[in-house]
Amino acid sequence: MNSPLLIATADAPPREDVSPFRLGTRAPGEASGRIGLAIVAVLLVVLFGALNSNFFTLDNFVTIGVNSTSVLIAVLGTSALLIAGYVDLSVGSMVALIGIIVAKVALVTGNTVLAIAVGLGLGFLLGFINGTLVRRLSISPLIVTLAMLALYGGLAFVVSSTAVYGLPPALLELGRGRIFGVQYAVMIAIAVFLIGAFVLTRTVIGLRVYAIGGDPRAAELCGIPVGRTVVGLYATNGTLIGLVAVLTAGRLGSITPTLGAGFELDVLTAAILGGVAFSGGAGRPLGIAIGVATIGILDAGLIFVGMQSWWQQIAVGAMLLLALAADQLAIAYRGRRARHATASFSVSDETRTTAPSVVSGSDAGGGDALPAFSIASARKSYGALVALEDGSFSVGRGEIVCLLGDNGAGKSTLVKIISGAIHPDDGVMQLEGREVHFRSPQDARAAGLETVYQDLALCPNLSITHNMMLGREKTRRWLGLVSVRDDRRAGEECRAKLAALGVTLRDDSVLVRSLSGGQRQSVAIARALGEHVKLICLDEPTAALGVKQTAQVIALIRSIAATGTGVVLVTHDLTTVRQLADRIVVLSLGSVVYDGTARDLTADQLWGLMATGARPAG
């Protein structure tokens, strides 16, 4: 049994308690503490109240709430996009275009329900178009949505160059009506925000949004449909903007094509001021709500003290710049804290240096035993470039096969084919004698084939538990109705998997960014473990690691093989090969040139095979 490996944290974030409703989930990412911003909001209230006593009236705070409803609804979609690493600058023009069309439909038909449906549906459509363009054009979302801002703004004038008014009473009642003294619009905004906050922090889709913002490639390799998720976020954002347009039409009673000018700036400012990172991967609903409240108080206060409208614009722009500067300072602070508060990771000096007794592919159950995995005649070309000509080898149960070759030999292509990341032009793969075809990494993982990539495919902004559950999230029914993540169960499985490798985890809420290279390797390897796993492929697992960390990873690989799981190890480190390999497979110019034991080759012969594809005379 391996000596225990220990992950402890000297300065880890405190474990976050489950919600008062015992959801058993933790909000993803790093908490964006906004106590300072809340204090600023309170000080603004005191300041404006001192300058004008009418600011303290209940009616004024009700008015602030009503005026903030549009931002509160819109900021939810914008924040989700920002957390995922995207942005939509066209929301202001979308409000104008959708509002004009909603008003026209309501005026012509007199049917409020139809007008609402048109508003929400058009919002969904415009958001879907934005998302599709961002994904298809592979251009910065800033550029794409800036273009759509101009396009939608122009179309609003095409639909009507003058104000549309005379809306039906039912639509006006939706925007102005009250119950218990509170406007319907305020109640709708609060309900939408709370539901959105719940989805973002407690559900599977919410975790995946944070993962995409942390590292989209890692998220995709974990089986998350990044493209569909991003397009869905844009469509959802558009639907929320449609709701804003409907409520605004009902509240104002008329719509002009200039409606929404500068709205995108207010929404962005509220989101970033509330702690949503413009670079993606961070932000919490509570901070966002505080940001919205701060903007509302500032706007109302400037009006009360008699400031001209342009001073409001100056104040909002200045706050946005300050928020962006604070965002960059927070990123720098997190980086320094991660460097200086790395979790301790100790290994006993008694770590085993000889491989455990395993059943290799050549003698597992006799000559007729099926290998854990085999691939034959795999081929992949990119136009005239042949990346892999003939990839063929097999791996027995509990066998460690080292895949070697010079740069450009075809190793990475072969690994990507095995993991489902790319599709071969030709070839056959079999898992325990059954032919398999993988359309994505998720298909490969579902079949029992796991890959630990060279960059580990971990999201640095997520905790250890959230990284290990990504793509295979545990869920439960909250109150028997709502599907939420089961982070408690996932945490237990996380600790069990690490324990199986001899790793003791003291705090599974530690963010991956605070771990060292060897610790991250342990997490990535542990994530690949499972009773259903037949084969684990590790791509350069000891690259850029120190001697002690390399010894830890070698011990982990041995413990995996000892359970009967086949292992494919891609490496350039011949010392590691000598310590681990039951068999080696050497590729040269896209073809397998050697498949046998390392004992039959000297170091010079092995280097010769890797460099030229020919075995030098020994």
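Residues numbered from 1 in each chain as written. Predicted model: local features only at pLDDT ≥ 70, side-chain atom pairs only at ≥ 80, totals over all residues. Heavy atoms only, no water.

### A closer look at the overall build of the protein chain
Quick reminder of the rule: The way it works is that DSSP assigns letters per residue, a run of H or I at least four long becomes a helix, a run of E at least two long becomes a strand, and they are numbered from the N terminus. Partly exposed describes any residue whose relative accessible area lies between the buried limit of under 20% and the exposed limit of over 50%, with all areas from a 1.4 Å probe on protein chains only and scaled to the type maximum. Contacts are residue-level and defined by heavy atoms, with any inter-residue pair within 4.5 Å sufficient. Values of accessible area rely on a 1.4 Å probe in the Shrake-Rupley scheme; residue burial ignores everything except the protein chains shown.
In terms of helices and strands, the protein chain carries 22 helices and 19 strands. Across the 618 residues in the protein chain, those meeting the buried criterion constitute 54%. Summarising the internal contacts of the protein chain: among those between residues at least 6 apart in sequence, 75% fall at separations of at least 24. Total accessible area on the protein chain stands at roughly 26300 Å², and carbon and sulfur atoms take up 61% of it.

### Remarks on the packing of aromatic side chains
The line we're drawing: Think of it this way: a Phe, Tyr or Trp ring, Trp meaning its six-membered ring, pairs with another when their centres are within 6.5 Å, and the plane angle makes it stacked under 30 degrees, edge-to-face over 60, tilted otherwise. Two thresholds decide whether a charge sits over a ring: the Lys NZ or Arg CZ must be within 6 Å of the ring centre and within 35 degrees of the ring normal.
Applying the stated criterion to the full structure yields six aromatic pairs. When the ring of F124 is compared with that of F128, the centres are 6.5 Å apart and the planes differ by 15 degrees; the resulting orientation is stacked. On the criterion of helical spacing, the pair formed by F124 and F128 is a turn pair, its members being four residues apart in helix α5 (residues 112-137). Judged by its relative accessible area of 39%, F128 is partly exposed. Taken together, the ring pairs connect F48, F55, F61 and F304 into an aromatic cluster. Lying over the aromatic face of Y453, R217 brings its terminal NZ or CZ to 5.7 Å of the ring centre.

### Some remarks on helix α4 (residues 91-109)
How we decide: One less than the residue count of a helix, multiplied by 1.5 Å, gives the span that helix is expected to have.
For α4, which comprises 19 residues, the first-to-last C-alpha distance of 26 Å matches the rise-based estimate of 27 Å (1.5 Å per residue) to within 8%. For α4, the buried fraction is high: 14 of the 19 residues fall into the buried class. The first or second residue beyond α4 is G110, which carries a positive phi of 70 degrees.

### Brief notes about the nonpolar core
A general trend in soluble globular proteins is that nonpolar side chains are found buried together. Rule in force here: Side-chain atoms within 4.5 Å link the members of a nonpolar core, which is a set of buried Ala, Val, Leu, Ile, Met, Phe, Trp, Tyr and Cys residues.
The biggest cluster of nonpolar side chains holds 96 residues, and the ones touching the most others in it are V75, I98, I241 and F263. In terms of residue count, helix α11 (residues 226-252) provides more of this core than any other element does, 12 residues in total. Beyond its immediate stretch of four places on either side in the chain, I98 contacts G119, L122, G123, L126, I241, G242 and A245. Residues I400, L574, Y594 and M610 belong to the second largest nonpolar core, which totals 46 residues.

Just distances and angles here, no functional claims.
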